[in-house]
Amino acid sequence: MKAWLTPTRWLWLLLFALVMALQVWEASTRVSQPEFKPEQSILFDTLRHARLVEDVGNDGDSFKLAHEGGEHVFRLHFVDCPEKKSYPLVAGRLKDQAAYFGGLSVTQTVNVGLEAKAFTEKLLRERRFQLMTRWERVFDSQRYYALVLFDDHEDLAEKLVKAGFARIYTKGVRMPSGVDEFDFERHLRDLENVAKTAKVGAWGKSKRAVPKTTTK
């Protein structure tokens, strides 16, 4: 009677065992790998010791900064401040901004824009801050989206909303701290409700009277 485990059968058994071991290893590798999330691969570049550059284009949510010999224009995530002057190209935008704050006049809205500009520039001149950006361009412009964090751990968008100088209206982002974009926006809404109640900034301006309809 011939032996069942011939050299040929030994070879086949060995190959089968190797194939099974490779399949088990591949499956365990797939399980152990963390789920890939796109935002994990997108890091913020942090600019420290940047300084404000006086520029005609500066306003409440956009500003030019000098850093390490170069100059760049940045635009805040999450918020939009009223325009600082009125001209045909921004007429529609001013109208929307005026309506957002409860029905301001164009003149009132522009005044809020000027207040927002002064507010932002004062903070950037006098307070320590770091700017965080992923160098994402704002549409096809030369501006880049950014966050500005002060030494009190509050973001510039938060300060503008608390002061009643900005509407929550533009591109958000997952925060460097890991806070989700929509969670941070909800946080800004809470701050906005407080500002409304306190009637600060644009929320404290007298609104245009709505004409009453008469009936005959």
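How each quantity is defined
Residues numbered from 1 in each chain as written. Predicted model: local features only at pLDDT ≥ 70, side-chain atom pairs only at ≥ 80, totals over all residues. Heavy atoms only, no water. Phe/Tyr/Trp six-rings, centres within 6.5 Å; stacked < 30°, edge-to-face > 60°. Helix = DSSP H or I, 4+ residues; strand = E, 2+ residues; numbered from the N terminus. Buried < 20%, exposed > 50% of the residue type's maximum accessible area, 1.4 Å probe, protein only. Lys NZ or Arg CZ within 6 Å of the ring centre and 35° of its normal. Pairing = 2+ DSSP bridges. Axes fitted to C-alpha atoms, helices over the stretch in contact; angles between N-to-C directions. Contact = heavy atoms within 4.5 Å. pLDDT = per-residue confidence, 0-100. Core = buried A, V, L, I, M, F, W, Y, C linked by side-chain atoms within 4.5 Å.

### Looking at the packing of aromatic side chains
The geometry of an aromatic ring pair is captured by two quantities: the separation of the ring centres and the angle between the planes. Using the criterion set out here, one finds nine aromatic pairs in the structure. Relative to W203, the ring of Y100 lies with its centre 6.1 Å away and its plane at 45 degrees, an arrangement referred to as tilted. Remark: W203 occurs in the segment after helix 5 (181-198) and Y100 occurs in helix 2 (residues 91-100); sequence separation between them is 103 residues. When the centroid spacing of 5.4 Å and the interplanar angle of 70 degrees are considered together, the rings of F119 and F165 count as edge-to-face. A residue pair is termed long-range when its members are at least 10 positions apart, and F119 in helix 3 (residues 106-126) and F165 in the loop between helix 4 (156-162) and strand 8 (167-168) qualify at 46 residues. Residue class for F165 comes out buried when judged on its relative accessible area of 10%. Cation over ring: R167 sits above Y169, and NZ or CZ is 4.0 Å from the ring centre.

### Describing the sheet that holds strand 2 (residues 51-53)
Spatial strand order, 1-6-7-4-3-2: six strands in an open sheet with mixed pairing. The open sheet has two edge strands, strand 1 (45-48) and strand 2, and neither has a second partner. Taking each pair of neighbouring strands and ignoring which way they run, the sheet shows an average axis angle of 45 degrees. Bridge analysis of strand 6 (residues 129-133) against strand 7 (residues 143-150) gives four bridges, and the strand direction is antiparallel. Across the sheet, the residue bridging to M132 is L147, located in strand 7.

### Describing the environment of K199
Following the sequence through the fold, K199 ends up in the segment after helix 5. Separated by 36 residues in sequence, K199 and A163 place their C-alpha atoms 9.4 Å apart.

### Points about the environment of F184
Note on placement: F184 falls in helix 5. Look at F184 and you get buried, because its relative accessible area is 7%. A sequence separation of 11 residues divides F184 from V173, and the C-alpha atoms of the two residues are 8.8 Å apart. Beyond its immediate sequence surroundings of up to four residues, F184 is in contact with F78, D155, E158, M175 and V179.

### Looking at the confidence of the model for the protein chain
In the predicted model, the protein chain carries a mean pLDDT of 86, and the fraction of residues at 70 or more is 77%. Within the model, the stretch residues 27-41 combines pLDDT values under 50 with three contacts to residues more than four positions away or in other chains.

### Here we look at the nonpolar core
One finds F63, L65, V79 and V148 to be the most contacted residues of the largest nonpolar core, which totals 42 residues. If you list the elements that add at least two residues to this core, you get strand 3 (62-67), strand 4 (70-76), helix 3, strand 6, strand 7, helix 4 and helix 5. For this core, the leading source of residues is strand 7, giving five residues. Once you skip the residues sitting within four places of it in the chain, V148 turns out to touch F63, L76, L124, F129, Q130, L131, E154, D155 and L156.

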